[in-house]
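# Coordinates in review
Chain residues, written in single-letter form:
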Amino acid sequence: MEHIISVDQLTKRYKDLTAVDHISFQVRPGEIFGILGPNGAGKTTTLEMMEGLKVITEGDAVINGISVKQHPRQVKHIIGVQLQSSSFYDLMNLKELLEFFGSLYGRKVDGMALLTKVELADKWKSRAKELSGGQRQRLSIAVALVNDPLVIFLDEPTTGLDPQARRHLWALVRDIQKAGTTLILTTHYMEEAEVLCDRIAIMDSAKIIAQDTPTGLLKLIEQKATIKFQVKNHLDIAPLKQLAAATDVNRMKDTITISTSHVQDTLKGLIEYDLTHPVHFTDLQVHEVNLEDVFLNLTGKTLRD
Amino acid sequence: MKPFLSITLTTLKMLFRNNQSLFFTWFLPLCLMLIIGYVTRSNDVSIRLGVVYDHANTNAQTIVDAMSAVDALEVTADTKELETAALQDNKRDLVIEIPNATPNEITVYENPSNPSQSAIGKMIVQQFFQPPATVTFITETISSKPARYIDFLVPGIISMTIMQLGIFGTAFAIVDAKQKGVLKRVIATPIRPWQYVLGNMLARLILSMTQAGILITVAWLVFDVHFNHWSWLLSLIVLGNIVFLSLGLFVSGLAKTVESVPVLANLIAFPMLLLGGIFFPTDSLPDWLKLVVEKLPIAVLADLMRSTVTLDKGLSEVYVQLLILIGWAVVTLFLANSFFRLQERD
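Residues numbered from 1 in each chain as written. Chains lettered and ligands numbered in written order. Predicted model: local features only at pLDDT ≥ 70, side-chain atom pairs only at ≥ 80, totals over all residues. Heavy atoms only, no water.

Across its full length, chain B carries 14 helices and four strands. By residue count, 47% of the 346 residues in chain B fall in the buried class. Roughly 17,000 Å² of accessible area belongs to chain B as shown, and the carbon and sulfur atoms make up 66% of that amount. (Helix = DSSP H or I, 4+ residues; strand = E, 2+ residues; numbered from the N terminus. Buried < 20%, exposed > 50% of the residue type's maximum accessible area, 1.4 Å probe, protein only. Areas by Shrake-Rupley, 256 points an atom, 1.4 Å probe, with all protein chains shown as cover.)

A few words now on the interface of chain B and chain A. With 25 residues of chain B at the interface, the matching set in chain A holds 30 residues. Together chain B and chain A conceal approximately 2,700 Å² of surface at their shared face, both sides included; 58% is due to carbon and sulfur atoms. Across the chain B-chain A interface, the total number found is four salt bridges. As a salt-bridge pair, Asp90(A) and Lys180(B) come within 2.7 Å of each other at their nearest N and O atoms. Across the contact surface, chain B and chain A share 12 residue pairs in polar contact (both at pLDDT 80 or more). Of all the secondary-structure elements, those providing two or more residues to the side of chain B that touches chain A are helix H1 (3-17), helix H8 (182-187) and helix H9 (193-223) of chain B. Here the side of chain B that touches chain A takes seven residues from H1(B), the largest share from any one element. (Contact = heavy atoms within 4.5 Å. Buried area = accessible area lost by both parts, 1.4 Å probe. Salt bridge = Lys/Arg side-chain N within 4 Å of Asp/Glu carboxyl O. Polar contact = N/O pair within 3.5 Å; in protein donor to acceptor, adjacent residues only side chain to side chain.)

Turning our attention to the sheet that holds strand E11 (residues 225-230) of chain A. Residues and elements named next belong to chain A. Taking strand neighbours across the sheet as the criterion, the four strands line up as E12-E13-E11-E14 in an open arrangement whose pairing is antiparallel. The open sheet has two edge strands, strand E12 (246-252) and strand E14 (282-288), and neither has a second partner. Recorded for the sheet is a direction-independent mean angle of 15° between the axes of neighbouring strands. Judged from the five bridges that link them, E11 and E14 form a sheet pairing that is antiparallel. Bridge pairing in E14 links alanine 225 to glutamate 288. Strand contacts of helix H9 (residues 263-276): E11, E12, strand E13 (255-260) and E14, with the helix running at about 25° to E11, the strand carrying the most contacts. (Pairing = 2+ DSSP bridges. Axes fitted to C-alpha atoms, helices over the stretch in contact; angles between N-to-C directions.)

All names here are of chain B. All of the buried residues along helix H4 (residues 80-88) are Glu83, Ala86 and Leu87. In an axial view of H4, the angular spread of the buried residues amounts to 100°, which keeps them on one side of the axis. Exposed and facing more than 90 degrees away from the buried side of H4 are Glu81, Leu82 and Gln88. Where H4 is buried, its residues contact strand E1 (47-52), strand E2 (73-77), strand E3 (94-97) and strand E4 (107-110). (Arc of directions from axis to C-beta.)

Helix length check: helix H5 (residues 115-129) of chain B, at 15 residues, gives a terminal C-alpha distance of 21 Å against a target of 21 Å (1.5 Å per residue), a fit within 8%. Along H5(B), the positions that sit buried rather than exposed are Gln117(B), Ser118(B), Ile120(B), Gly121(B), Ile124(B) and Val125(B). (Expected span 1.5 Å × (residues − 1).)

The next point concerns the sheet that holds strand E8 (residues 182-187) of chain A. Residue and element names in this part refer to chain A. Strands sit in the order E6-E7-E8-E3-E9-E10 across an open sheet of six strands; the sheet is mixed. Each having just a single partner strand, strand E6 (79-82) and strand E10 (207-212) make up the two edges of the open sheet. Neighbour to neighbour, the strand axes of the sheet diverge by 15° on average, direction disregarded. Bridge analysis of strand E3 (residues 32-36) against E8 gives five bridges, and the strand direction is parallel. Bridge pairing in E8 places leucine 36 opposite threonine 187. Relative to E6, helix H5 (residues 133-144) is tilted by about 160°, and along the sheet it contacts E6 and strand E7 (151-155).

All names here are of chain A. For the structure shown, the criterion picks out 11 aromatic pairs over all chains. Ring plane angle 80° and centroid distance 5.8 Å describe the contact between phenylalanine 88 and phenylalanine 101, whose orientation is recorded as edge-to-face. Taken as a pair, phenylalanine 88 in the loop between E6 and helix H3 (94-104) and phenylalanine 101 in helix H3 lie far apart in primary sequence, 13 residues in all. Side by side, phenylalanine 88 and phenylalanine 101 carry an identical accessibility label, which is buried. (Phe/Tyr/Trp six-rings, centres within 6.5 Å; stacked < 30°, edge-to-face > 60°.)

No statement about biological role is implied by the geometric values presented.
So, in structure tokens, the structure goes:
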């Protein structure tokens, strides 16, 4: 099978709002597929329609040959779900919790084995509310694994986690991929999408505006890098736009940002310009282009509010 | 394990681990029953009877001695002035005067502020003066087993706990799970909504029965309250639970947050708690209010428990009330079905 997931013209309309607007994408078996976008773009609604938690207004998602629209319960058997809110019953310990969720799938589950998989075995007696944010996310991934799913959905798994906990979770996600499971995750962290995902769909205002591999997405735009520096005095930025290979120049207070399609040419031009018209720049930095820039370029806004 | 059973067992496990709910469901009703039972016990059992008679009258003396031997009567004898004064001070429930000249013409002074005590007292006293030829009817049961307050109270408390557990217990647990998103995670599994709801309700029914069992046992051991007709009792507990669990689901459907649960639940439960004849009979209420109040599910349930369980009445005598309760079950099931959704509609 070429695609394990095939989403076709999926749409969610509320009375006066279209939350997801005719989106289509495919996911190959064993892939980590990311949906990247700002809050309110429609990522969670997309996932919840695919999980059978929200009614599909139009279009369909087919997972492993089963239509979600027609057989939501059958689809639930083959997918694992991690929701954005990761709270659980407070009066059960972790092992009981996993075994309870297993029983809802009609399965007998070895709670300890699953906890070992997510490195929570020593916490088996704890209650979910006693865990840290990162531990709780790992628990909810363990819950998503109770039915040996073919596909796992992770909704913003690292939101609110510190960098160390985030990397820990990335490692866990890769382990799950290595075991042959397909993963779909949403995120609004561009570095997460870049590092973790095999392919990414960029979503904004209910629509998918681009989808490709991370490197493919970076090639979408002309820009290759960003040059940033500080100036103390007033500076006319119009002449900077004339610099070789410069695609855009912005000023935010004392920070000037030049987008460029060729770093060396623009830098050389900037220094030559400085000789004749002293800019007095400080703190000069050069950044490789990233998904943030791609997003900014495609939508005209930044990924984080 | 079957998902349905798993939900029942897990819910039960959590119910028994929730200390706060254990306090409210087990400890509080039990305390309430014991405290009210003890406080009112002395007043129930004895009817304070004052007797005015000539001590030289041996006939009268025999009768007074016989009355003193009755547990339910607390007999004092004095002059007419002192005894009627004591009645006015609410220290007697009933005063009788046995005249020397006409021993068959007994004057009875009733205490209007204790009408039931007076009435019961009068019936007991009549026993001692009736000619042997007269057939005795109700007085038989009353003299052998006086209507004690505790017999009234215990079925009331059991009905109350069924109501509280059904409405508050259900609504708090379900709205909390909904608000935290736990319910959504449960719905993300292939379980069917009815499996979740029925599994949950079965657990609460089991809890409710265990609790009724404890109350009944304690009432029997401490206050000598006798329940008859166990199958009747069991069906009433089930029927009562259907009504109040449905109301709990109805409240769960209306409440968007845990904070709004007590407000909505009290709107339903509080009037029933106060007026539903749990702690005192509805007899003293104005007629128009009585008409409404007597049909409240809690009043009907408590009355059915009293009349069929404690006082040993037959089905034919209570079928109207039984029909009312079944009617309530139908109405509340309909409400639950119309307002409660596991998943918000979108």
